[in-house]
Amino acid sequence: MSVVSKSEQCNYFFLKRKTDNDMKGEVNVAYVPDTGDLEKTGTGPVFIKNGKTDIISVEEPDSEKRAQWGNGMEFLMSCIAMSVGLGNIWRFPYTAYQNGGGAFLIPYIITLVIIGRPLYYMEMVLGQFTSKGNVHTFASLAPGLGGIGYGQMVSVIGVATYYCSLMALTLYYFFSSFSSVLPWSMCEPEWTNCVNASGSAVKANDSLSSSEYFFSQTVLHEKSQIDDGIGAPDWKLTLYLFASWVCVFLVAVKGVKSSGKVSYFLALFPYVVLIAILIRAVTLPGSVEGILFFIEPKWGELLNPNVWYAAVSQCFFSLNVGFGSIIMYASYNDFKHGINRDALIVSGMDTFTSLLAGFTIFAILGNLAHELNTDIDSVVKTGGTGLAFISYPDAIAKFDTVPQLFAVLFFFMLFVLGVGSLVALQSCVATVLKDGFPFLKNWQVAAGTCIIGFLIGLVYVTPGGQFILTIVDHFAGTFNLYMMTVAEIIAVMWWYGLEDICLDMEFMLDMKVNAYWRICWAFVTPVLLIIILIYSLITMKELTYGSAAMSTTALGFGWFLLVFGVCQIPAWMLWYMHKKRKLGGSEMLNATFSRDHWGPKDPERNKEWREFKKQAWEQRKNRGESRFKWGIHSRYGSGSERKNSMTANRDRKESSSRVMRVCSRVVRETQHNCRVSVCPDSIPASYCTHIYAPIGSPAN
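Remember, it's a predicted structure, so these values are computed and weren't measured experimentally.

Visitor: Which parts of the structure should I look at to understand the overall build of the protein?
Guide: Of regular secondary structure, the protein possesses 24 helices and 8 strands. Every one of the 700 residues in the protein was classed for burial, and the buried ones make up 55%. Of all intrachain contacts in the protein linking residues separated by at least 6 positions in sequence, the fraction that spans at least 24 positions is 79%.

Visitor: Can you walk me through the nonpolar core in this structure?
Guide: Across soluble globular proteins, nonpolar side chains have a tendency to be buried as a group. Counting 185 residues, the largest nonpolar core has Y120 and I501 as the members making the most contacts within it. Residue contributions to this core peak at 27 residues, all from helix 17 (residues 465-509). The contact partners of Y120, leaving out residues within four places of it in the chain, are C79, M82, S83, L319, V321, I326, A343 and V346.

Visitor: Any chance you could explain helix 19 (residues 552-566) here in plain terms?
Guide: Helix length check: helix 19, at 15 residues, gives a terminal C-alpha distance of 21 Å against a target of 21 Å (1.5 Å per residue), a fit within 8%. Turning to helix 19, its buried residues are A554, L555, G558, L561, L562 and G565. Viewed along the axis of helix 19, the buried residues span an arc of 115 degrees, placing them on a single side of the element. Of the exposed residues in helix 19, those oriented more than 90 degrees away from the buried face are T552, T553 and F560.

Visitor: What am I meant to see in empty space enclosed by the protein here?
Guide: Taking a probe equal in size to a water molecule and rolling it over the atoms shows the remaining empty space. Under the criterion given, the structure shown has 5 cavities of 30 Å³ or more. If you add up the space inside the second largest cavity, you get close to 90 Å³. Along the walls of the second largest cavity sit 14 residues, with M82, Y163, F317, N320 and S421 positioned nearest its centre. Of all elements in the fold, only helix 2 (72-83), helix 3 (86-98), helix 6 (146-176), helix 11 (305-319) and helix 15 (403-436) reach the threshold of two or more residues within the lining of the second largest cavity.

Visitor: I'm lost on the packing of helix 20 (residues 568-579) against helix 21 (residues 585-592) in this one. Help?
Guide: Two numbers describe a pair of packed helices, the interaxial angle and the distance between the axes. At their nearest, the axes of helix 20 and helix 21 sit 9 Å apart, and the two run at 130 degrees to each other. Relative to helix 21, the element helix 20 is oriented oblique. The interaxial crossing formed by helix 20 with helix 21 has right-handed handedness. Where helix 20 abuts helix 21, its residues M573, Y576 and M577 lie against M588, L589, A591 and T592. Each residue belonging to the contact of helix 20 with helix 21 can be placed in one class, and the counts come to 6 nonpolar, 1 polar and no charged.

Visitor: I keep staring at unusual backbone geometry and nothing clicks. Help me out?
Guide: Most peptide bonds take the trans configuration, and most residues that are not glycine carry a negative phi. Non-glycine residue N193 carries a positive phi angle of around 50 degrees. Here N193 is to be found in the loop between helix 6 and strand 5 (194-195). Notably, N320 is not glycine yet its phi reads approximately 65 degrees, a positive angle. In this fold, N320 is placed in the loop between helix 11 and helix 12 (325-330). Judged by its relative accessible area of 6%, N320 is buried.

Visitor: Sorry, what's going on with helix 11 here?
Guide: Note: α-helices contain 3.6 residues per turn, so residues at a spacing of three or four share the same orientation. Along its 15 residues, helix 11 runs 21 Å from first to last C-alpha, staying within 8% of the 21 Å computed at 1.5 Å per residue. The buried fraction of helix 11 amounts to 13 of the 15 residues, a majority that puts the element mostly inside the structure. In the stretch just after helix 11, N320 is the one whose phi turns positive, near 65 degrees.

Visitor: Please clarify how the state of the cysteines should be interpreted in this entry.
Guide: Two cysteines joined by a covalent bond between their sulfur atoms form a disulfide. Across all of its chains, the model carries 1 disulfide by this definition. Here C187 is linked by a disulfide to C194, with a sulfur-sulfur distance of 1.9 Å. Here the S-S torsion is close to -80 degrees, and the disulfide linking C187 with C194 is therefore left-handed. On the basis of relative accessible area, C187 is assigned to the partly exposed category, the value being 25%. For C194, a relative accessible area of 13% puts it in the buried group. You can see C247 has no disulfide; the closest cysteine sulfur is in C164, sitting 8.7 Å from it.

Visitor: Just to check I follow, could you spell out the pattern of salt bridges for this structure?
Guide: Between side chains of opposite charge, pairing is possible as soon as their charged atoms come close. Tallied over the full model, the rule gives 8 salt bridges. In this structure, the salt-bridge partner of D342 is R341, at a minimum N-O distance of 2.8 Å. Judged by relative accessible area, R341 falls into the partly exposed class, the value being 43%. K613 is the partner of D504 in a salt bridge, and the nearest nitrogen-oxygen pair spans 3.1 Å. Highlighted residues: D504 in helix 17 and K613 in helix 22 (residues 603-623), separated in sequence by 109 residues. For D504, a relative accessible area of 0% translates into the label buried. What emerges from the salt-bridge pattern is a single network uniting D500, D504, R595 and K613.

Visitor: It is not clear to me how the packing of aromatic side chains should be interpreted in this structure. Could you clarify?
Guide: Two numbers describe a pair of aromatic rings. These are the distance of the centres and the angle of the planes. Inspection of the entire model under this criterion finds 45 aromatic pairs. Here the aromatic rings of W184 and F411 are separated by 5.9 Å at their centres, their planes lie at 75 degrees, and the arrangement is edge-to-face. You can see W184 sitting in the loop between helix 6 and strand 5 and its partner F411 sitting in helix 15, a full 227 residues away along the chain. Lying across the ring of W495, R595 places its NZ or CZ 4.8 Å from the centre.

Visitor: In this structure, what is going on with the packing of helix 4 (residues 102-130) against helix 11? I would like to understand it.
Guide: Put simply, helix 4 and helix 11 touch, their axes get as near as 8 Å, and they point 50 degrees apart. As the angle between them shows, helix 4 and helix 11 are arranged oblique. With respect to the hand of their crossing, helix 4 and helix 11 are arranged in right-handed fashion. In this structure, helix 4 contributes A103, F104, P107, Y108, I110, T111, L112, I115, G116, R117, L119 and Y120 to the contact, and helix 11 contributes V307, W308, A310, A311, V312, Q314, C315, F316, S318 and L319. Taken together, the residues of the contact of helix 4 with helix 11 sort by class into 17 nonpolar, 4 polar and 1 charged.

Visitor: Explain the confidence of the model for the protein here, please?
Guide: Residues shown with low pLDDT carry predicted positions that ought not to be read at fine detail. Mean pLDDT over the protein works out to 76, with 75% of the residues at or above the 70 mark. Within the protein, the lowest mean pLDDT, 35, falls on strand 4 (residues 55-59), and the highest, 93, falls on helix 6. Confidence drops under pLDDT 50 across residues 1-64; counting only partners more than four residues distant or on other chains, this segment forms 114 contacts. This stretch, residues 632-644, has a pLDDT under 50; its non-local contacts, to residues over four places away or in other chains, come to 18 contacts.

Visitor: So what exactly am I meant to see when it comes to a nonpolar patch on the surface here?
Guide: Residues I157, I452 and I456 make up a contiguous nonpolar surface patch of roughly 250 Å² in combined accessible area. With respect to the secondary-structure elements, I157 resides in helix 6.

Visitor: Is there a simple way to think about the side chain of T111 in this case?
Guide: Locating T111 in the fold gives a position in helix 4. Sequence-distant contacts of T111, defined by excluding residues within four places in its chain, comprise G116, W308, A311, V312 and C315.

Reading the values: rules and limits
Residues numbered from 1 in each chain as written. Predicted model: local features only at pLDDT ≥ 70, side-chain atom pairs only at ≥ 80, totals over all residues. Heavy atoms only, no water. Helix = DSSP H or I, 4+ residues; strand = E, 2+ residues; numbered from the N terminus. Buried < 20%, exposed > 50% of the residue type's maximum accessible area, 1.4 Å probe, protein only. Contact = heavy atoms within 4.5 Å. Core = buried A, V, L, I, M, F, W, Y, C linked by side-chain atoms within 4.5 Å. Expected span 1.5 Å × (residues − 1). Arc of directions from axis to C-beta. 1 Å grid on protein atoms, 1.4 Å probe; cavity = no way out; pocket = protein on both sides within 12 Å on 5 of 7 lines; lining within 4 Å. Points joined across faces, edges and corners; volume = space filled by probe spheres on them. Axes fitted to C-alpha atoms, helices over the stretch in contact; angles between N-to-C directions. Parallel < 35°, antiparallel > 145°, perpendicular 65-115°, else oblique. Left-handed = near helix turned anticlockwise from the far one by under 90°. Nonpolar A, V, L, I, M, F, W, Y, C, P; charged D, E, K, R; others polar. Disulfide = S-S within 2.5 Å. Salt bridge = Lys/Arg side-chain N within 4 Å of Asp/Glu carboxyl O. Phe/Tyr/Trp six-rings, centres within 6.5 Å; stacked < 30°, edge-to-face > 60°. Lys NZ or Arg CZ within 6 Å of the ring centre and 35° of its normal. pLDDT = per-residue confidence, 0-100. Patch = residues over 30% accessible without salt bridge, like charges linked within 9 Å, V, L, I, M, F, W, Y side chains within 5 Å. Areas by Shrake-Rupley, 256 points an atom, 1.4 Å probe, with all protein chains shown as cover.

Laid out in structure tokens, this is it:
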């Protein structure tokens with residue numbers, strides 16, 4: 001069946017032979033239907049049957065074509081804005097703080113090079129090649145693999161809901177920064193053993209900074225344990241949470257075309273503020289000791305698998321690997337966009353930002369340790385997000401000139417960073433909903449996801465909310481995400497095949513895949529991910545929030561999130577098998593894991609790709625090479641072979657273009673009337689698609 005669309009002046013019939021063999025050289029003749037030939041199918045298109053060889057459908061043109069970035073720089077800036085977020089500002093310094101400073105830095109850089117960057121590039125390739133979101137990308141790879149995308153949605157929803165609660169905290173600090181005296185800079189009378197954040201007095205070892213008291217007592221009203229419940233939401237934080245989701249809605253409702261323009265500001269503004277704070281931080285007493293703690297590794301910690309696991313999870317969280325947001329953003333690219341350059345730039349900028357934030361935080365921690373007369377690794381007793389909401393405000397309070405200005409800029413920066421990252425997460429959920437329910441409007445999807453996100457987020461603005469945040473981050477935002485990423489790379493590189501994906505990339509980017517990517521994808525990245533995951537499961541310890549133990553109910557909720565996310569993979573496989581159960585055993589399995597729907601979305605490009613793949617595998621077969629040897633040959637073949645291959649690709653595209661031009665010239669059309677024409681016999685049937693005729697008029 002061929003699909004056509006209506007115009008104001010005439011109806012366009014695309015009469016297309018299914019295959020050359022079906023028609024056996026016969027010429028398609030336009031058929032003018034009468035009223036009895038029209039068949040309505042509910043709300044769907046009108047099917048017109050001629051009773052002979054052709055089935056034609058008339059369909060309204062798509063109301064919303066898939067958007068694309070205005071230019072390549074918008075995509076690059078959007079990726080930087082998505083990846084450079086709160087994960088770099090608070091999670092990276094906190095994770096490094098938990099894992100011994102410099103002992104964490106080395107594993108982080110290594111895992112970034114051999115795990116984070118290859119995964120980032122792979123997800124860019126998947127999105128741009130298929131022009132689909134993450135769920136439909138894996139479902140097109142094989143219907144039974146769609147569960148990988150849905151499993152990623154569990155992590156996306158969990159992280160997005162608590163992510164916005166962090167934005168609510170930034171709004172609380174943002175508006176508090178307009179006070180004549182920063183409220184966290186001075187101790188309150190009821191705060192015992194408190195040292196002013198704006199001063200430099202040295203207190204005893206059991207002292208706490210006023211910024212830490214302000215965060216735990218004034219902002220969070222934090223509980224010491226949640227055995228008796230998490231409490232009711234704080235009304236101020238609830239208002240800030242609502243305002244945060246409203247901002248996300250206003251950005252998400254416009255789509256990528258408007259967000260691409262804003263990405264320049266979202267990507268570049270944070271560096272101005274961070275560098276200004278770093279300059280001030282390194283001038284404080286004790287900052288050098290803090291920086292040395294950050295860069296000097298404890299070599300024994302390199303043998304600790306938990307440090308490597310933390311480094312990998314930080315790569316995922318910081319780069320947004322495994323969430324599906326990279327696949328979604330890349331799906332709005334032009335098919336030939338050079339994403340290999342973008343992958344290197346974004347991952348490099350993300351690392352630079354993390355290190356910049358790390359130097360800033362540890363310079364401040366060194367100063368706090370100096371003032372409190374204690375060790376750096378015990379200077380902050382509040383865990384989790386508290387590090388950013390204690391250390392950064394503490395540094396700002398020490399500014400001699402208008403600290404309020406720096407506080408306003410800093411927390412505004414945190415908020416816009418959060419918006420850039422959260423919009424990407426929200427868009428992942430919205431894409432799944434739009435794919436499943438295409439009749440929904442963009443604003444309806446945006447409003448629905450933001451309202452549900454706000455209601456779930458109320459949990460995190462309670463006195464026990466930071467306990468729940470720690471649980472969701474650990475089980476859904478880290479553990480489940482890790483397992484989904486392992487499943488993702490196994491499905492793409494081991495099940496679909498390294499050489500197949502490399503051929504897809506060669507067709508899309510017109511360049512060979514180098515040895516670095518091949519080695520990482522084929523062996524290093526998946527094997528290291530599996531080893532670290534297994535060891536982490538064996539050596540897992542009971543989760544705590546700071547020094548407080550989690551309740552049994554809270555831990556049970558965390559395990560439920562993990563099991564629910566992981567079970568998406570087998571659940572969707574079983575569902576599809578059940579759907580195809582009438583086919584029988586082997587055919588049912590073949591249908592469940594079929595690759596028939598994989599390939600570029602554009603039909604003509606899909607046809608070219610299939611021909612390209614066919615020729616490539618025929619060359620391998622003619623040489624009699626093994627899969628591994630053929631991969632080496634295709635990468636390191638002679639220069640003349642590579643040149644001949646590229647020339648053949650160019651000639652193939654030019655030939656295709658000539659065929660389409662010849663076919664389009666034989667179509668005759670006037671201003672108010674359309675005439676039927678057919679392609680000459682010399683034109684392949686697959687290209688003969690543009691044949692016009694008005695309903696109710698004689699065909700000529």
